[in-house]
Amino acid sequence: MIAVAARQRGVAVMIAMLVVALGTVIAVDLMWNASLDQRRTASALAADQGLLYLQGAEAWAGEILRQDQVDSIDSDHLGESWAIELPPMPVDGGAISGRVEDLQGRFNLNNLVTPQGEEDQIARRQFERLLESLELDPTFAGVVVDWLDPDGDTGFPFGAEDAAYFSFDPPYRTSNTAITSSSELLAMSGFDLESYRVLAPYVTALPSGTSLNVNTAPAVLLASLSDDIDMARGAALIEERGGADFPDISTSFAGDVEPDVLRRIDGVSQYFLLTATVAIGTNQFTMYSVLQRDNSGIVRAIFRSLGVL
Ligand SMILES: [Ca+2]
Ligand SMILES: [Ca+2]
């Protein structure tokens, strides 16, 4: 009898231990799920809050650009208020920072093809010079032209139409239309990430037909305008404009560039890039907005991207 009672007590203790262990497992699981839920909720709230701040930054940039139009309609240069970078400013729960860049101080890849769908030879030569200055392969210009132009005829000798992309894994086709982001270069034949990183700061994807703003363009873009402008002459031109603009663009450039090219440069801009970053707690969000300012000063976002441009 004594042995049976002891055995039963042993079983009861085992069951009690099992119940406690199960209870602990369930409790830990519940706590884990609850803390995950809490984290997810906090992240979702931070994302919502961050997006609102980023929208605020966009409205802020729009207002500065609108005011700039009122103050100086005939010139856009790097000494103006829109070009001043906004350092991280404290906001509720974090900080926000932002900067506005002139996209017309870059080479517009869509200019390589005219609105009629023909290769633009002046733009192509300009792009080739830019690639050369950056020590990239200038024959890549032909690949971009084929990517953009509406036809399927491979440019000779350096083009690439569908046939070049069918052999890729996975295979795809040329877009045969204007691009909306310069990152599309990465899909083009013979172009890699390393080359993209070198080229990206100097190119953009705007509607075809934009002029280059020589008041904001870096020396390498000025050098792309003519064989007569080397990097030294480009640097001298930047020195001439100083912290402001060229008082008379024709006077400064007429000796260096062809009349056809002179018609494509300007001192004002319509398209700008806002890069705004907000950090809320441990979450960080970056938004890129391409802003278009029309002749009446109205600014609207024509392209927005979160995280990557
Ligand atoms: Ca201005
Ligand atoms: Ca094509």
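Residues numbered from 1 in each chain as written. Chains lettered and ligands numbered in written order. Predicted model: local features only at pLDDT ≥ 70, side-chain atom pairs only at ≥ 80, totals over all residues. Heavy atoms only, no water.

Right, let's get into the pairing of strand β7 (residues 271–280). Across a regular strand the side chains alternate sides, sitting on one face of the sheet and then on the other. Where burial is concerned, most of β7 is hidden: nine out of the ten residues are buried. Direction of pairing for β7 relative to strand β8 (residues 283–293): antiparallel, over a ladder of ten bridges. In the strand pairing of β8, A276 is matched with M287. In this antiparallel pair of consecutive strands, β7 and β8, the connection spans two residues, and G281 shows a positive phi of 60 degrees. (Buried < 20%, exposed > 50% of the residue type's maximum accessible area, 1.4 Å probe, protein only. Helix = DSSP H or I, 4+ residues; strand = E, 2+ residues; numbered from the N terminus. Pairing = 2+ DSSP bridges.)

On to helix α7 (residues 231–241). Regarding α7, the residues found buried are G234, L237 and R241. Down the axis, α7 shows its buried residues gathered within 60 degrees of arc, on one side only. When the buried face of α7 is taken as reference, the exposed residues oriented beyond 90 degrees from it are A232 and E239. On the buried face of α7, the contacting elements are α6 (219–223) and α8 (249–253). Just downstream of α7, G242 is the residue with a positive phi angle, here 60 degrees. (Arc of directions from axis to C-beta. Contact = heavy atoms within 4.5 Å.)

Distances from the calcium ion (ligand 1) to its protein donors, namely D68 (OD), D68 (OD), S72 (O), S72 (OG), S75 (O), D76 (OD), E80 (OE) and E80 (OE), fall within the range 2.2 to 2.9 Å. Within one chain, the residues serving as donors to the calcium ion (ligand 1) are arranged as D-x3-S-x2-S-D-x3-E. Neither S72 nor D76 differs from the other in exposure class; each is buried. (Donors = N, O, S within 2.8 Å, 3.2 Å for Na, K, Ca; no water.)

In any sheet, the strands associate via hydrogen bonds between backbone groups, in a parallel or an antiparallel arrangement. Reading across from one edge, β1-β2-β7-β8-β9 is the order of the five strands in this open sheet, with antiparallel pairing throughout. Strands with a single pairing partner mark the edges of an open sheet, and in this sheet they are β1 (86–91) and β9 (299–306). Here the average twist between neighbouring strands, direction ignored, is 25 degrees. As paired elements, strand β2 (residues 94–102) and β7 share nine bridges and run antiparallel to each other. Residue pairing across strands places D102 opposite F272, the latter belonging to β7. (Axes fitted to C-alpha atoms, helices over the stretch in contact; angles between N-to-C directions.)

With that settled, consider the coordination of the calcium ion (ligand 2). Coordination sphere of the calcium ion (ligand 2), protein contribution only: D146 (O), D149 (O), D149 (OD), D151 (O), E161 (OE), E161 (OE) and N176 (OD1), at 2.2 to 2.7 Å. When the donor residues of the calcium ion (ligand 2) are listed from N- to C-terminus, their spacing reads D-x2-D-x1-D-x9-E-x14-N. Of the two residues, D146 is situated in helix α3 (residues 140–148) and E161 in the loop between α3 and α4 (162–166); the sequence distance between them amounts to 15 residues. In this structure, D146 and E161 share a single accessibility class: buried.

So, about the pattern of salt bridges. Summed over the entire model, instances satisfying the criterion amount to 16 salt bridges. The shortest N-O distance in the salt bridge between D37 and R40 comes to 2.9 Å. You can see D37 and its partner R40 sitting in helix α1 (residues 2–71), three residues apart, about one turn around the helix. Assessed through its relative accessible area of 41%, D37 is described here as partly exposed. Residue classification places R40 among the exposed positions, given a relative accessible area of 51%. When the shortest N-O distance is used, the salt bridge between R263 and D260 registers 2.3 Å. Residue R263 is classed as exposed on the basis of its relative accessible area, which comes to 62%. Here the salt bridges do not stand alone but share partners, grouping E119, R124, R125, E128, R129 and D227 into one network. (Salt bridge = Lys/Arg side-chain N within 4 Å of Asp/Glu carboxyl O.)

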